[in-house]
Amino acid sequence: MTGDPTPSGIEPRADAPAIEIIDLHKSFGDHEVLKGISLTVQTGEVVCVIGPSGSGKSTLLRSVNLLEEPTSGTILVEGVDILDPEVDVDRIRTRIGMVFQQFNLFPHMTVLGNLCLAQQRVLGRGRKEAEQVARENLAKVGLADREGAYPAHLSGGQQQRVAIARSLSMNPDMMLFDEPTSALDPELVGDVLEVMRTLANEGMTMMVVTHEMGFAREVGDRLIFMDDGLVVEDGDPREVLANPQEPRTQAFLSKVL
Amino acid sequence: MAMRRTTRRKLGRVAMYVLFVAVLAVVVLSADWDRFAQYFLRWDIAREQFPQIITVALRNTLVFTVVSFVGGLVVGTVMALMKLSSIGPYRWFATAYIELFRGLPALLTIFAFAYMLPIAFGVRLPFAPVGAGLLGLVVVAGAYMAEVIRAGIQAVPKGQTEASRSLGMSPMKTMFFVVLPQGLRIIIPPLTNEFVLLLKDTSLLFIAGSTIITKELTTFARDATTTTSNGTVLVMAAMLYLLVTIPLTRVVAYLERRMARSR
């Protein structure tokens, strides 16, 4: 990318952690959803976030690319304070891929169109280059033969894999997954998790809100358990799942495992 | 009385048909059809209207409809976006605009644009006098379409905006490449309906006055009625309106059925 010269201090730094969250608070009206979250995601790390519904894990994830505006606190993405009004949020977002529970593919475009839109309109890539990148990523998620299809003609699992390919086509430095398999029929979950596992093995920095304990155990470098707007436990997934230290973690895991 | 329910229902239906046919027969038989035909169905007068009733009147009606529809679509989209804006004054202006021009009779708005505007600003719009009246019709169409378009935009799921913004697309790009294309698709049936309403409302342009070459169907028919002292041309105009509107309403019905199926 050959961007305009930007003021100093808002350029990403290679030596900074991918994501650094410091004392993050978020309220919806009177209801405080995040009550002071601090955590760091190192480059290349796969961090899974689990917790009961309403614990604030989706809000936390959505704060990282500012789909939710935090009430207070600091979020550094590659060393850039994204809450600084000087920072161009759209530019930050091109470096952060986001995958939603409901896929959110653009229904009026083909698969290829979905993958090319932002490449052309945001990164300024030409059509040929965008399509080439798109095809590489479609092949990666195992859907090279569906580039001409419309989202409505794909299964949920295929749609989610297209959504992942769409994010990857922006060449992001990190990916956020917001319960990526929760809206899928059980038999379609495996394909999506397989794609995510491949990404993790390639060294992609990932933050994954999920209910898939198996994925968290096998692929995750770290597991964070959240409850009531706070990080309750944060550690090695195998450790946390086998030997939860906090009573709240124990209670939650006994229900889902 | 041991009459079965189905039998009673059948008898009731027969009675309804008989009554309907009787009323129809009374109306048809009591009318003086010869006199009616003399005033409204004169073939010799009808033949004299060709080809102008098609090449001038119907053509102008269609051109005015398309112009006001396209103009209304542009104005309506701008107003819808302003109404959904986070900037207060934009919202207030759009609300005032929509309330004003939906609250006034279209005839008055056209009159205002045709006569008040040129006097106030000392300008003559192109294609006077009909051009100014047409501008009034665009303004009215824009007010009605603004609400339809706003509803269409709001019907697009929020996740679409979130996905687009997450890819780094600006609010403007998101609106034009992601939200509007989907919103406009949703409102094709009500917009087609709006087109039919506009087609009929072009008849109100007579208030703006016209020259020989800018007459639309209703003006043409009114003037012809005066010159021939006969209502035949009014009947012809009515039939020409229906010739366009009935197929269009069928199209709307078809689109609505197709939309319902694709959900």
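Residues numbered from 1 in each chain as written. Chains lettered and ligands numbered in written order. Predicted model: local features only at pLDDT ≥ 70, side-chain atom pairs only at ≥ 80, totals over all residues. Heavy atoms only, no water.

**Brief notes about the nonpolar core**
Turning to step 1, where the next piece is worked out: Membership of the largest hydrophobic core comes to 46 residues, with the highest contact counts inside it found for A:Ile164, A:Met175, A:Phe177, A:Met196 and A:Met206.
Turning to step 2, where the next piece is worked out: Beyond its immediate chain neighbours, meaning those up to four positions away, A:Met206 contacts A:Glu45, A:Val46, A:Val47, A:Met175, A:Phe177, A:Met196, A:Leu199, A:Ala200 and A:Phe215.
Turning to step 3, where the next piece is worked out: Judged by nonpolar contacts, the second largest core, of 42 residues, contains B:Leu58, B:Phe64, B:Ala106 and B:Leu134. (Core = buried A, V, L, I, M, F, W, Y, C linked by side-chain atoms within 4.5 Å. Buried < 20%, exposed > 50% of the residue type's maximum accessible area, 1.4 Å probe, protein only. Contact = heavy atoms within 4.5 Å.)

**Description of the interface of chain A and chain B**
Turning to step 1, where the next piece is worked out: Listed per partner, the contact involves 22 residues of chain A and 18 residues of chain B.
Turning to step 2, where the next piece is worked out: Together, A:Phe106, A:His108 and A:Arg121 form the three largest contributors to the area buried by chain A at its contact with chain B, with a combined 31%.
Turning to step 3, where the next piece is worked out: Summed over the shared surface of chain A and chain B, the result is two salt bridges.
Turning to step 4, where the next piece is worked out: The closest approach of N and O atoms between A:Asp90 and B:Arg165, which form a salt bridge, is 3.1 Å.
Turning to step 5, where the next piece is worked out: Every element with two or more residues in the side of chain A that touches chain B is listed here: helix H2 (89–94), strand E6 (96–99), helix H3 (111–121) and helix H5 (156–168) of chain A.
Turning to step 6, where the next piece is worked out: For the side of chain A that touches chain B, a count of residues per class yields 12 nonpolar, five polar and five charged. (Buried area = accessible area lost by both parts, 1.4 Å probe. Salt bridge = Lys/Arg side-chain N within 4 Å of Asp/Glu carboxyl O. Helix = DSSP H or I, 4+ residues; strand = E, 2+ residues; numbered from the N terminus. Nonpolar A, V, L, I, M, F, W, Y, C, P; charged D, E, K, R; others polar.)

**Examining the sheet that holds strand E8 (residues 205–209) of chain A**
Residue and element names in this part refer to chain A.
Turning to step 1, where the next piece is worked out: Taken together, six strands build an open sheet; the order of strands is E6-E7-E8-E3-E9-E10 and the sheet is mixed. Each edge of the open sheet carries a strand with a single partner, namely E6 and strand E10 (230–235). Between one strand axis and the next, the sheet turns through 15° on average, direction left out of account.
Turning to step 2, where the next piece is worked out: Sheet topology note: the strand E7 (residues 174–178)/E8 ladder contains five bridges and is parallel. Bridge assignment links Leu176 to a residue of E8, and that residue is Met207. (Pairing = 2+ DSSP bridges. Axes fitted to C-alpha atoms, helices over the stretch in contact; angles between N-to-C directions.)

**Points about the packing of helix H5 (residues 88–103) of chain B against helix H7 (residues 130–155) of chain B**
Residue and element names in this part refer to chain B.
Turning to step 1, where the next piece is worked out: Where H5 meets H7, the closest approach of the two axes is 8 Å, and the angle between their N-to-C directions is 120°. The angle between H5 and H7 falls in the class oblique. Of the two elements, H5 crosses H7, and the hand of that crossing is left-handed. Contacts from Tyr97, Ile98, Phe101 and Arg102 of H5 reach H7 at Val139, Val140, Gly142, Ala143, Tyr144, Ala146 and Glu147. (Parallel < 35°, antiparallel > 145°, perpendicular 65-115°, else oblique. Left-handed = near helix turned anticlockwise from the far one by under 90°.)

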